[in-house]
Amino acid sequence: AQDGYDLWLQYDKIDDDKVVENYLDHISGFHKFGSDETLDVATTELKTAFEGLVGQTLKELNSVEENSVVLGSEENLPSEIRAMLKSDLSEINSEGYVLKSLSLNNNRITVVTGKTDVGVLYGTFRLIKEMQLHNNITQCDIIDSPKIQKRLLNHWDNLDRTVERGYAGFSIWDWHHLPELIKPEYIDYARANASIGINGTVLTNVNASSLVLTSHYIEKVKALAEVFRPYGLQVYLTARFSSPMESGDLKTADPLDPEVRQWWKDKADEIYAEIPDFGGFLVKANSEGQPGPNNYDRSHVDGANMLAEAVAPHSGIVMWRAFVYSEDDPEDRAKQAYSEFVPFDGQFHDNVLVQVKNGPIDFQPREPFHPMFGAMPDTPLMMEFQITQEYLGFSSHLVYLPEMFEETLDEDTYVQGEGSTVAKVVDGTLSNKKLTGIAGVANIGTAKNWTGHPFGQANWYGFGRLAWDPYLDSEAIAKEWLKMTFSNEQEFVDPVKDLMIKSREAVVNYMTPLGLHHIMDTGHHYGPGPWVDDLGRPEWNPVYYHRATSEGVGFDRTESGSDALSQYAEPIREKYNSIETTPEKYLLWFHHVPWDYKMENGQTLWYNLAAKYQEGVEDVEEMVNTWNDIEEYVDDQRFEEIQMLLQIQLKEAKWWRNAVLLYFQQFSGKELPEFIPEPE
Ligand code: GCW
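Residues numbered from 1 in each chain as written. Predicted model: local features only at pLDDT ≥ 70, side-chain atom pairs only at ≥ 80, totals over all residues.

Attention shifts here to the overall build of the protein. Within the protein one finds 21 helices and 16 strands. On C-alpha atoms alone, the protein measures out to a radius of gyration of 26 Å, which is about the 26 Å that the 2.2 N^0.38 rule sets for 680 residues. If one aligns the C-alpha atoms of the protein with their principal axes, the spans along those axes are about 80 × 65 × 50 Å. Out of the 680 residues in the protein, the part that is buried amounts to 53%. Sequence separation of at least 24 residues holds for 72% of the intrachain contacts in the protein that already meet a minimum separation of 6. (Helix = DSSP H or I, 4+ residues; strand = E, 2+ residues; numbered from the N terminus. Rg over C-alpha atoms; globule rule 2.2 N^0.38 Å. Buried ≥ 20, exposed ≤ 12 C-beta atoms within 10 Å, placed from the backbone. Contact = placed C-beta atoms within 7 Å.)

Written out as structure tokens, the structure reads:
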């Protein structure tokens, strides 16, 4: 629909008659084996999609007939079909699926199966997607399994329905009307997540309220869990560390106090009695004012393991966040998480994951990978990406984030020699992890189209796809999303795919090129603010990060500076230690560089900085032009909305360029190169 509510699950009639005919020739009905509610939602989805896409009803058949889609988990399939799929089924894991065209007693059929009904559901969404992409489905032979186990959204949603760093309206969780009122959005949210394989959702903000752990709220959470269950989507909550005190029950939250430990066990039992498949807890402790074990001179391990013991009998997990930076004047905020956590490698219980942001500072347009990845071989590390665009223009700017996620996942940590990529740390293959996970901070709210910017949907979608398989190519993801969301026409898909891919480098260029970071205006993090220097803590001030002087600009993180570089493995350490061999995209992240320093192209740093900002503006101009060219392929409403949003982005790219260059000019003392236009 024009308002974007249907996300990528648009089942409008396919406008290519040949494609429709092909589908009608091969599918006329379905037959299911099994009676699980997950199977029911799978078949309902298939019916809706089929009827929409090809305009004909999909009948439920009493037996397997010619041209039927056969759905069922391995154990429920008739033995003859099971036998034919034996080797395919041996290749998938518990959430994987097999989608295969077979001939059974001379009947052509399409089988959708997996080890579990959730696998069947994922396979069903795959079959639907094949049709949305207009692919031929006469010879299906698709086998796929998720490579990461816990694929979660993290909602930074407060109980009053405000969303921290949310730019798409209020929280979709209508706590006030729960548990009685079940909104259609809850179901559509679950469908959307299931369609991309997301299997868990943390409902509440990491800056947590202990209220959500009271029986009053557990009842509401239970209602959501029941809606989500058929879709394979588990619920999780954030646990405020001081909850035992705030409940009024205890005087301390010391994790080594037996009463505190018992309190959490009882709390876990209480939750699991209502929600048997509750996923577990996500915890932000001793960070930005949140309570934690350090308040009692206890360690992160003490805190995490206490909670882990409470949920372990129910197969729950604890995701303990590594996003910490100290309250005292820090030498370098980028170093702290590593310093605090790496010494504890191997000491966390088996059901604990340490959740680490992609980079060592905070969700910037570009950061090098977090040095903890690879540095804790005996601890499962969970990746935390931010889908909501806190530092990337909120929901006003079009930035395709999977390109950025892919960059991080592909980076080589070298901890076990070449090829030790971040993706291999996260999917557990590098050091044989039993438990693996990935989280994305959601960009979802009450906006009609869920994400505010229509292209924000691509970031939710793309996160899910990379969570399923961190080796996917973000370009391929962009293409499939465009086809499912807008149009299959190549004249539309190709240029807009390019626009999406370029949008990431564009934002880096017009906000923080060459390794600059955290120079957004403070607090809200919108727009430029490199001049801010008066906030309470040094690391909250942009001047702390860019360190501009009349000599140069950038943060020296080599031995002569904070030595944060020593947290990386060789050969990164050696390579990034010198200005000459540091990749230019990370130059000012690791070095304080003279304004006159001659860069690879023979021009000075000052010149190159100006050139990058200008390039960013031109990138957005190109995005505007590309969009204007594809008008005929998009409905008016979404076309115009995106066109108007791109104008904001263009205006603000110029704002960034002008403000930052003007500000740095007072340090460099140099003229602006002539390619920078006079202010309008
Ligand atoms: O990105 C920063 C945000 C805070 C956030 C914090 C965190 C939820 O500015 O709003 O708090 O990180 O990740 O904990």
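For the rest of this paragraph, the subject is the packing of helix α20 (residues 605–629) against helix α21 (residues 636–668). Helix packing for two helices is described by the angle between their axes and how far apart those axes are. At a minimum axis distance of 9 Å, the contact between α20 and α21 shows a crossing angle of 175 degrees. The orientation of α20 with respect to α21, classified from their angle, is roughly antiparallel. Contacts between α20 and α21 involve W606, A610, Y613, Q614, G616, V617, V620, E621, M623, V624 and W627 from the first element and I642, Q643, L646, Q649, L650, A653, K654, W656, R657, V660, L661 and S668 from the second. Partitioning the contact of α20 with α21 into residue classes produces 15 nonpolar, 5 polar and 3 charged. (Axes fitted to C-alpha atoms, helices over the stretch in contact; angles between N-to-C directions. Parallel < 35°, antiparallel > 145°, perpendicular 65-115°, else oblique. Nonpolar A, V, L, I, M, F, W, Y, C, P; charged D, E, K, R; others polar.)

Okay, the domain arrangement of the protein next. You can read the domains of the protein as domain 1 (17–144), domain 2 (150–485) and domain 3 (513–555 + 592–668). Relative placement of domain 1 and domain 2: their C-alpha centres are 33 Å apart. On the side of domain 2, 10 residues touch domain 1, which itself brings 12 residues to the contact. Elements with a contribution of two residues or more to the side of domain 1 that touches domain 2: α2 (37–54) and α5 (117–132). It is α5 that contributes the most residues to the side of domain 1 that touches domain 2, 6 residues altogether. (Domains from an automatic or database assignment.)

This part is about the sheet that holds strand β3 (residues 68–72). Ordered by their spatial adjacency, 6 strands build an open sheet running β2-β1-β3-β5-β4-β6, and the pairing between neighbours is mixed. Of all strands in the sheet, those bounded by a partner on one side alone are β2 (59–60) and β6 (141–144). In terms of strand pairing, strand β4 (residues 97–104) meets β6 through 4 bridges, oriented antiparallel. Its bridge partner being in β6, Y97 is matched across the sheet by D144. (Pairing = 2+ DSSP bridges.)

Surrounding the ligand, one finds W156, E164, R165, V206, N207, K284, E288, F323, D362, F363 and E390. Looking at the shell around the ligand residue by residue, the class counts come to 4 nonpolar, 1 polar and 6 charged. (Near = placed C-beta within 6 Å.)

Before going further, it helps to spend a moment on the pairing of strand β12 (residues 352–357). Within β12, 6 of the 6 residues are buried, leaving the element largely enclosed by the surrounding structure. Residues V352, V354 and V356 line one face of β12 and the alternating positions L353, Q355 and K357 line the opposite face, and both faces are buried. Pairing of β12 with strand β13 (residues 381–386), which is carried by 4 bridges, proceeds in the parallel orientation. Bridged to V356 within β13 is M383.

A few words now on the packing of helix α15 (residues 474–485) against helix α16 (residues 490–511). With their axes 9 Å apart at the nearest point, α15 and α16 run at an angle of 130 degrees to one another. Considered as vectors, α15 and α16 are oriented oblique to each other. As for how α15 packs across α16, the hand of that crossing is right-handed. Residue-level inspection shows E475, A478, K479, L482 and K483 of α15 in contact with α16, the latter providing V493, V496, K497, M500 and I501. Per-class residue counts for the contact of α15 with α16 are 6 nonpolar, no polar and 4 charged. (Left-handed = near helix turned anticlockwise from the far one by under 90°.)

Further remarks concern the sheet that holds strand β8 (residues 200–202). Spatially, the 8 strands close up into a barrel ordered β7-β8-β9-β10-β11-β12-β13-β14, and their pairing is parallel. Between one strand axis and the next, the sheet turns through 25 degrees on average, direction left out of account. Where strand β11 (residues 317–321) and β12 come together, 4 bridges link them in parallel fashion. Paired with W320 across the bridge in β12 is V354. Where helix α10 (residues 300–311) meets the sheet, it contacts β10 (280–283), β11 and β12, and its direction lies at approximately 160 degrees from that of β11.

Our focus in this paragraph is the environment of G437. You can see G437 is positioned in strand β14 (residues 437–441). In the structure, G437 is positioned 55 residues away from M382 in sequence and 4.8 Å away in space, judged by C-alpha atoms. For G437, the contacting residues outside a window of four places in its chain are I148, Q149, K150, L152, M319, L353 and M382.

Tracing the backbone shows L224 in helix α7 (residues 215–228). For L224, a count of 22 C-beta atoms within 10 Å corresponds to the buried category. Taking the C-alpha atoms as reference, L224 lies 8.8 Å from W173; in sequence the two are 51 residues apart. Setting aside residues up to four positions removed in sequence, L224 forms contacts with L178, Y186, L203 and V235.

Omega for the bond connecting L178 with P179 falls within 30 degrees of zero, at 5 degrees, which places this linkage in the cis form. Relative to the helices and strands, P179 resides in the loop between β7 (150–154) and α6 (184–196). In this chain, E570 is followed by P571 through a cis amide linkage whose omega measures 5 degrees. Although it is not a glycine, N106 sits at a positive phi angle of roughly 70 degrees.

By size, the foremost hydrophobic cluster in this structure holds 199 residues, and its most contacted members are L307, V318, V354 and M372. The element best represented in this core is α16, accounting for 9 residues. (Core = buried A, V, L, I, M, F, W, Y, C linked by C-beta atoms within 7 Å.)

What follows concerns the confidence of the model for the protein. Per-chain confidence: the protein averages 97 in pLDDT, with 100% of residues scoring 70 or above. Across the whole predicted complex the pTM is 0.98, and at the interface the ipTM reaches 0.99. (pLDDT = per-residue confidence, 0-100.)

The buried fraction of strand β9 (residues 234–238) amounts to 5 of the 5 residues, a majority that puts the element mostly inside the structure. Judged by which residues are buried, β9 turns out to be covered on both faces: Q234, Y236 and T238 on one side and V235 and L237 on the other are all buried. The sheet contact formed by β8 and β9 spans 3 bridges and is parallel. Looking at the pairing, T201 lines up with V235 of β9. Handedness of the crossover joining β8 and β9 through α7 is recorded here as right-handed. (Right-handed = clockwise from strand over helix to strand, strands pointing away.)

Now for the environment of D36. With respect to the helices and strands, the residue D36 is situated in the loop between β1 (29–33) and α2. You can call D36 partly exposed: it has 18 C-beta atoms within 10 Å. Considered as a pair, D36 and T582 are 546 residues apart in the sequence and their alpha carbons are 55 Å apart.

Let's shift gears to α2. In this model, α2 (18 residues) spans 26 Å end to end at C-alpha, consistent with the 26 Å of a helix rising 1.5 Å per residue. Looking at the packing, one finds that the buried side of α2 touches α1 (17–26), β1, β3, α5 and α6. G55 sits one or two positions beyond α2 and adopts a positive phi of about 75 degrees. (Expected span 1.5 Å × (residues − 1).)

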